[in-house]
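One letter stands for each residue in the lines below.
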Amino acid sequence: MTKIVTLYNNKGGVSKTTTLFNLAVFLAQTNQRVLIVDCDPQCNATELFFASVEDSDSPEVELPGTSIYSALLPRFKGQQAVIDPSSVELVENVLYPNLFLFKGDLEFARAETYFGTSWNQAITENIHEKNSYVVFERLLRSLGEKHSFDYILCDVGPSTGAISRTVILSCDEIVIPLVPDRFCYQAVKLLGSIIKEWIERHKVISDALTPFEIKPFKGEPQLAGTVVQNFKVHSGAKAKQSYVRWQDKITEQIQASLTGAGALTAKVGFVPSHPYTASIRDVAVLAPVAQMFGRAIFDIQQEHTKEASTDGSMYYGSVWTPWQERMDAYKKEIAKLAKAIK
Amino acid sequence: MTPAYTYCALIDVLGYKNRLAEDKDSGEFLFRDDLEQALRAFDEVNSAVFSVQAISDTIVMTCPAHTNFLEFLDVVRKVFLRFLDRGLFIRGAIAYSRHFQNNRMTYSHAVARAYELESSVAIYPRIVIDENIVQMHESGTSGVVLKGKGLILCQNGCYFLSVLDESSWSAAYCSAAKAYARDKATIFRNEAALSKHVWFEQYLKDTSVEPGFIPYIERAAPY
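Residues numbered from 1 in each chain as written. Chains lettered and ligands numbered in written order. Predicted model: local features only at pLDDT ≥ 70, side-chain atom pairs only at ≥ 80, totals over all residues. Heavy atoms only, no water.

**A few points about the overall build of chain A**
Along the backbone of chain A there are ten helices and nine strands. For chain A, whose C-alpha radius of gyration is 20 Å, the value lies close to the compact-globule estimate of 20 Å for 342 residues. Relative to its full complement of 342 residues, chain A shows a buried share of 55%. Once local pairs closer than 6 in sequence are excluded, the contacts in chain A between residues at least 24 apart make up 78%. A total accessible area of about 14,600 Å² is found for chain A, and carbon and sulfur atoms account for 49% of it. The centroid of the 35 positive side-chain charges in chain A is displaced by 8 Å from the centroid of its 38 negative side-chain charges. (Helix = DSSP H or I, 4+ residues; strand = E, 2+ residues; numbered from the N terminus. Rg over C-alpha atoms; globule rule 2.2 N^0.38 Å. Buried < 20%, exposed > 50% of the residue type's maximum accessible area, 1.4 Å probe, protein only. Contact = heavy atoms within 4.5 Å. Areas by Shrake-Rupley, 256 points an atom, 1.4 Å probe, with all protein chains shown as cover. Lys, Arg positive; Asp, Glu negative; His and termini not counted. Charge placed at Lys NZ, Arg CZ, Asp CG, Glu CD.)

Listed below in structure tokens is the structure:
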């Protein structure tokens, strides 16, 4: 059965998309069939996915595949009760077999209104809104079944809006990317209770679906892990103290607010007192180089370092070795995330 | 107790106030007799499954399960014809939502929805069916098939119960014609009241299987 996972934090700039893409590549390289669903109207995951394709960033080039918005539009417009997964054309990555994309769409921002309305109205006798309420989860499950995906990874924007809510409730598990700073600390304080409120409301809505012959979905994502990243380290690879302090404060909040009473249910194996499934240090120049070629950060080839050097020459020897070490270290942390969502 | 999901038909007797006033003025009880006869339709209703409450000009009928829904539609259809037989038009709507009632009170989202449809959508002597009910049964998972069964008509996006068939048509025509003749004086210069007769006459015409339909409502004449 397909597992649907999202990396979510309502705070921006915590490397949600980058981590998700790298996790997806890692899983695909370990013989898992993976679908990335770009649910963020900013479409960064889509850009990253197609970055390995020549001319993909040219405005004249129409990217292949069905966009998430055009797939769901017949439901939003009331033209179809259920979206047929056969109507959705997915795109396979040119570099990484087993990795597919359900591409994003700038217009998907309009779904905020559709999902927002269904959130309010699905509890009434309005069948149209009930069908719109369940359409996203239904479509992902049917795509998972049709294409035998092991994982569907949903990329969402940093908001607590209707799209994020729909995606999160549709997931089996959530991983929370964090950065050790004040803003993330504030976000973590709120996140658990916000998601819990969604889950409670979903239960009430679900009770209003069954009598109308509409099967509700589970809507109870579990916290599978957190990943702390972008922290700076001393030359001895030890995190700088200022980051450690914020990390400790965030740890307290994870226990008290994120997984405490009235908050998220932790997956078996997740230990709130030691919540960091993976710790990723600042990857510096590796990220932009990887983005340039649409590759995983741990999969940058030596030839790609030309883009990082000032004179366009490739890195060798003692300059290239630290890159390899960083890539290896990064991959190990991504492997931990993969294990957490297994 | 949590209100359960229930089908609810809210039916309004059209012209109730006028007919009541006629009885009052004449000192007779013709309307009461008609009403009494029409309400006998409920004597045949399976009270173990369906509940009926009639207060003044409003009748509320409920059906608790999908499995009885087609039977429920048939009951409502028979009620419509029984009222028509006594020269009474009824107008109503069927909705599906939460409903609770006991001896003292009725708490019902279904009645509220049916009332909304009855008062704003039905307009004419017909029983409107909430579009949500139609859509709900389109998937087929409920075991109720409405499409292609001739049970429901759709016009201008409005779904309503098909009450006439070959066996009931002639009697319905006679009753409707008689009701028009009876009401002619009271509907004079009352376009809203006339429109109900006109609509039903058109419905009779549309469902007539014999050629040469004879209109019973006076046509517009040159001045």
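**Quick notes on the overall build of chain B**
What chain B contains, in helices and strands, is seven helices and eight strands. Scaling as 2.2 N^0.38, a compact globule of 223 residues should have a C-alpha radius of gyration of about 17 Å, and chain B matches this with 18 Å. Taken along its principal axes, the extent of the C-alpha atoms in chain B is 60 × 45 × 30 Å. Taken over 223 residues, chain B has a buried fraction of 48%. On chain B, roughly 12,200 Å² of surface is accessible, and the fraction owed to carbon and sulfur atoms is 52%. Between the centroid of the 23 positive side chains of chain B and the centroid of its 27 negative side chains there is a distance of 2 Å.

**Concerning the packing of aromatic side chains**
The full count for this structure, using the stated rule, is 32 aromatic pairs over all chains. Centre to centre, the rings of Tyr69(A) and Phe76(A) are 6.5 Å apart; their planes meet at 40°, and the pair counts as tilted. A residue is classified by how much of its surface remains accessible, and Tyr69(A), at 6% relative accessible area, is buried. Take Phe76(A): its relative accessible area is 4%, and that puts it in the buried class. Between Phe80(B) and Phe200(B) the ring centres are 6.0 Å apart and the planes differ by 25°, which places this aromatic pair in the stacked class. Of this pair, Phe80(B) sits in helix α3 (residues 69-85) while Phe200(B) sits in helix α7 (residues 191-207), placing them 120 residues apart in sequence. Across this residue pair, the class does not change: Phe80(B) and Phe200(B) are buried. Chaining the aromatic ring pairs together yields one cluster made of Phe80(B), Phe89(B), Tyr124(B), Phe160(B), Trp199(B), Phe200(B) and Tyr203(B). The positively charged end of Lys130(A) is found above the aromatic ring belonging to Phe212(A), 4.2 Å away from the centroid. (Phe/Tyr/Trp six-rings, centres within 6.5 Å; stacked < 30°, edge-to-face > 60°. Lys NZ or Arg CZ within 6 Å of the ring centre and 35° of its normal.)

**Examining the domain arrangement of chain B**
Note on interface size: it is often stated as the accessible area lost on association of the parts. Residues and elements named next belong to chain B. When cut into domains, chain B gives domain 1 (4-162) and domain 2 (164-223). Placing the centre of domain 1 and that of domain 2 at their C-alpha centroids yields a distance of 22 Å. In this assembly, 21 residues from domain 1 lie in contact with 15 residues from domain 2. Taken together, both faces of the contact between domain 1 and domain 2 bury some 1,400 Å²; the carbon and sulfur share is 65%. Among the residues of domain 1 in contact with domain 2, Leu84, Phe89 and Tyr124 are the three that bury the most area, contributing 33% of the side total. Linking domain 1 with domain 2 are one salt bridge, by the criterion used here. The shortest N-O distance in the salt bridge between Arg77 and Asp165 comes to 3.7 Å. Of all the elements in the fold, those that place two or more residues in the side of domain 1 that touches domain 2 are α1 (16-26), α3, β7 (152-155) and β8 (158-161). A per-element tally of the side of domain 1 that touches domain 2 places α3 first, with five residues. (Domains from an automatic or database assignment. Buried area = accessible area lost by both parts, 1.4 Å probe. Salt bridge = Lys/Arg side-chain N within 4 Å of Asp/Glu carboxyl O.)

**So, helix α6 (residues 162-170) of chain A**
Residues and elements named next belong to chain A. Buried residues dominate α6, accounting for nine of its nine residues. Turning to α6, its buried residues are Ala162, Ile163, Ser164, Arg165, Thr166, Val167, Ile168, Leu169 and Ser170. Contact partners of the buried residues in α6: β1 (3-7), α4 (111-121), α5 (127-147), β5 (151-155), β6 (173-178) and α7 (182-207).

**Brief notes about unusual backbone geometry**
The phi angle at Cys43(A) is positive, at roughly 60°, despite the residue not being glycine. Counting through the fold element by element, Cys43(A) comes out in the loop between β2 (34-38) and α2 (44-50).

**Digging into the confidence of the model for chain B**
Residue and element names in this part refer to chain B. Across chain B, the average pLDDT comes to 93, with 100% of residues at or above 70. Mean pLDDT in chain B bottoms out at strand β2 (residues 51-55), which sits at 89, and peaks at strand β6 (residues 127-129), which reaches 98. For this predicted complex, the interface score ipTM comes out at 0.79, alongside a pTM of 0.87. (pLDDT = per-residue confidence, 0-100.)

**Here's the deal with the nonpolar core**
As a rule of thumb, nonpolar side chains are buried together in soluble globular proteins. Membership of the largest hydrophobic core comes to 75 residues, with the highest contact counts inside it found for Met61(B), Phe72(B), Ile94(B), Phe200(B) and Leu204(B). In terms of residues, this core owes the most to one element, α3(B), which gives ten residues. Both domains that meet at this core, namely domain 1 (4-162) and domain 2 (164-223) of chain B, each give it at least three residues. When sequence neighbours within four positions are dropped, the list of residues in contact with Phe72(B) reads Tyr7(B), Cys8(B), Ala9(B), Phe50(B), Met61(B), Thr62(B), Cys63(B) and Ile94(B). In terms of nonpolar packing, the next biggest core, distinct from the first, is built from 62 residues, Tyr8(A), Val88(A), Val167(A) and Ile176(A) among them. (Core = buried A, V, L, I, M, F, W, Y, C linked by side-chain atoms within 4.5 Å.)

**Quick notes on the interface of chain A and chain B**
At the junction of the two partners, chain A supplies ten residues and chain B supplies twelve residues. Roughly 930 Å² is buried in total at the junction of chain A and chain B, and carbon and sulfur atoms are behind 54% of that figure. Per-residue buried area on chain A facing chain B is highest for Glu125(A), Phe212(A) and Glu213(A); these three make up 58% of the total on that side. Here Arg113(B) makes a salt bridge to Glu125(A), at a shortest N to O gap of 3.8 Å. For the interface between chain A and chain B, the tally reads six residue pairs in polar contact (both at pLDDT 80 or more). The residue makeup of the side of chain A that touches chain B, split by class, is five nonpolar, two polar and three charged. (Polar contact = N/O pair within 3.5 Å; in protein donor to acceptor, adjacent residues only side chain to side chain. Nonpolar A, V, L, I, M, F, W, Y, C, P; charged D, E, K, R; others polar.)

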